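# Analysis of the macromolecular model
Below are the chains, spelled out letter by letter.
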Amino acid sequence: MNEEKKYQVAIIDYEMGNMFSVDHACKYVGLNSIITEDKDVIMNSDAAILPGVGAFGNCMANLNKLDLVSPIKDFVASGKPFLGICLGLQLLFTESEEFGLSRGLDLIQGKVVRFPSENTVGKKLKVPQVGWNHIYENKQNENHWGNSILKDTTSKEFMYFVHSYYVKPDNDNDILTLTNYEGIEYCSGVKKNNITAFQFHPEKSGHEGIKIYKNWVTEIKNFKEN
Amino acid sequence: MNHRVIARLDIKGPNLVKGIHLEGLRVMGKPEEFASYYNEAGADELLYMDVVASLYDRNSLKDIITRTAKEIFIPLTVGGGLRSIEDITEVLRYGADKVSLNTAAIKNPEIIRQASEAFGSSTIVIAIEAIKQNDGKYLCYTDNGREYTGIDAFEWAEKAQDLGAGELIVTSVDKEGTGEGFDIELTRKISDAVRIPVIAHGGPGKLEHFEEIIREGNADAVTVASMIHYDYVSKNKSQGEFKGEGNVTFINSGKEFGKINKAEIMDIKKYLSEKGIDCRYINE
């Protein structure tokens, strides 16, 4: 039996969108992943992933309806590795401007804003951004990268993105990666203590994305054994 | 913007097929083998289109999606014959990341809104199959360009966007499989009218066609089928005899198709990159 299988990962299911590609990637790197909305299963896992596509407001409503807000906050407070992907990154923030103002989980301070319809030189922006784009380091905090699960990823590597909104952290130190879409530079990844979260989809970013999952397995292992 | 080069695989039963004007299907091989090769070769996404969409035999498609999704970690869009929210749920469960709808959306536009609310806009791709009429209009067709709808392609594109589509795949049935190049007018008019990404499909036979459809047609992404399939087949001839659905004479004969230049996905990206068009290409 594969040694890594002993690490159980809860993929938090709040009935929004497609969790299967995340599940496939976890299993591919040897994790015992479970798609679940059960609080006890989440709390008893070695790590958790908050995935998600769709609208911020609907997702928060579902998290509330399924009574998952406290379990997520408790899990993060436990110090175990926690990964947010796409909308799962945005939900960690204080608030989103989608459909008026929606409150988020407020685990990372800042807000979620929409791409404008034009860039600064008046060119029409296609929104959502769909496709591959570079991620690169936040110059003010360069050692973040090497201490994160991106440590084997080259700066300017391509990752796969699908999104209409992006995050603006209040604290520059939370920024792990930046990306530029048609002249708009934005935060595409955050790291704060045990939280790592990406706007892009590592599970859809080919071998380079799988490398990130593999490093996350190491982070889970290190946390569990120390 | 990095323009995507999407490998399109038309599927009939267990086989990858390729036609002209979406008809006269030739069997090319096993879709998963092509998909795996295109993934390694730098495809930005994969698009599986079930061109027969038999309601009776979804098992082949299910197996193909499942096998692909477990091994290949780039986006996979699946289309063809998806009629309902239940059908969409099912192919997402097998491992597709996005679904492409044509007939179902034309018959019931509300399905776009329902599906985008349930799965997120970015999961819902609307396929527009257009044929240019004698009066210059472009009208939408369904069922691989066979069924007339009378719906104006440009009006439909905007309506699909407003209902919540995340992307549009625009097919020129006239150009599909011909190697004559994409339909620039069709693609440009749609791309300029909408705010969501537009994927051009149908017609490329040489590298110049890709530059043309991005620069002049304002395509945000392109799909390619024949050029890369013929290239793959020419390099992997020992796949054995093909039987079953579709015309197998071509693949068993080992002949090539004269109107279409063979190309690797990286040949296309290298060409675009040299022409100053951004794409996921790492010059090593």
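Read on for an overview of the structure. These figures come from a predicted structure and were not determined experimentally. (Residues numbered from 1 in each chain as written. Chains lettered and ligands numbered in written order. Predicted model: local features only at pLDDT ≥ 70, side-chain atom pairs only at ≥ 80, totals over all residues. Heavy atoms only, no water.)

What follows covers empty space enclosed by the protein. Summed over all chains, the structure comprises 7 cavities of 30 Å³ or more. Around the largest cavity sit 17 residues that line it, and Ser21, Val53, His201 and Lys204 of chain A together with Asp97 of chain B are the ones nearest its centre. Looking at the lining of the largest cavity, the elements that each hand over two or more residues are helix H1 (20–28) and strand S9 (157–163) of chain A. Of the residues that constitute the lining of the largest cavity, the class distribution is 7 nonpolar, 6 polar and 4 charged. By volume, the second largest cavity is sized at about 80 Å³. The wall of the second largest cavity is formed by 15 residues, among which Gly177, Gly203, Pro204, Ala225 and Ser226 of chain B lie closest to the centre. (1 Å grid on protein atoms, 1.4 Å probe; cavity = no way out; pocket = protein on both sides within 12 Å on 5 of 7 lines; lining within 4 Å. Points joined across faces, edges and corners; volume = space filled by probe spheres on them. Helix = DSSP H or I, 4+ residues; strand = E, 2+ residues; numbered from the N terminus. Nonpolar A, V, L, I, M, F, W, Y, C, P; charged D, E, K, R; others polar.)

Judged by nonpolar contacts, the single largest core of 81 residues is most densely connected at Tyr38, Ile126 and Leu168 of chain B. It is helix H6 (residues 153–163) of chain B that contributes the most residues to this core, 6 residues altogether. When sequence neighbours within four positions are dropped, the list of residues in contact with Tyr38 of chain B reads Ala7, Leu9, Ala43, Leu46, Ile228, His229, Tyr232 and Ile265 of chain B. Counting 38 residues, the second largest nonpolar core, distinct from the first, contains Ala25, Ala47, Tyr166 and Val217 of chain A. (Core = buried A, V, L, I, M, F, W, Y, C linked by side-chain atoms within 4.5 Å. Buried < 20%, exposed > 50% of the residue type's maximum accessible area, 1.4 Å probe, protein only. Contact = heavy atoms within 4.5 Å.)

Attention shifts here to the pairing of strand S1 (residues 4–12) of chain B. Residues and elements named next belong to chain B. In terms of residue burial, S1 counts as a mostly covered element, since 9 of its 9 residues are buried. Of the two faces of S1, the one carrying Arg4, Ile6, Arg8, Asp10 and Lys12 and the one carrying Val5, Ala7, Leu9 and Ile11 are both buried. Bridging between S1 and strand S12 (residues 221–224) involves 4 bridges; their strand directions are parallel. Directly across from Val5, in S12, lies its bridge partner Val222. Direction of pairing for S1 relative to strand S2 (residues 15–20): antiparallel, over a ladder of 3 bridges. Within S2, the position partnered with Ile11 by the bridge is Leu16. Here S1 folds back onto S2, and the loop between the two strands holds 2 residues, one of which, Gly13, carries a positive phi near 60°. (Pairing = 2+ DSSP bridges.)

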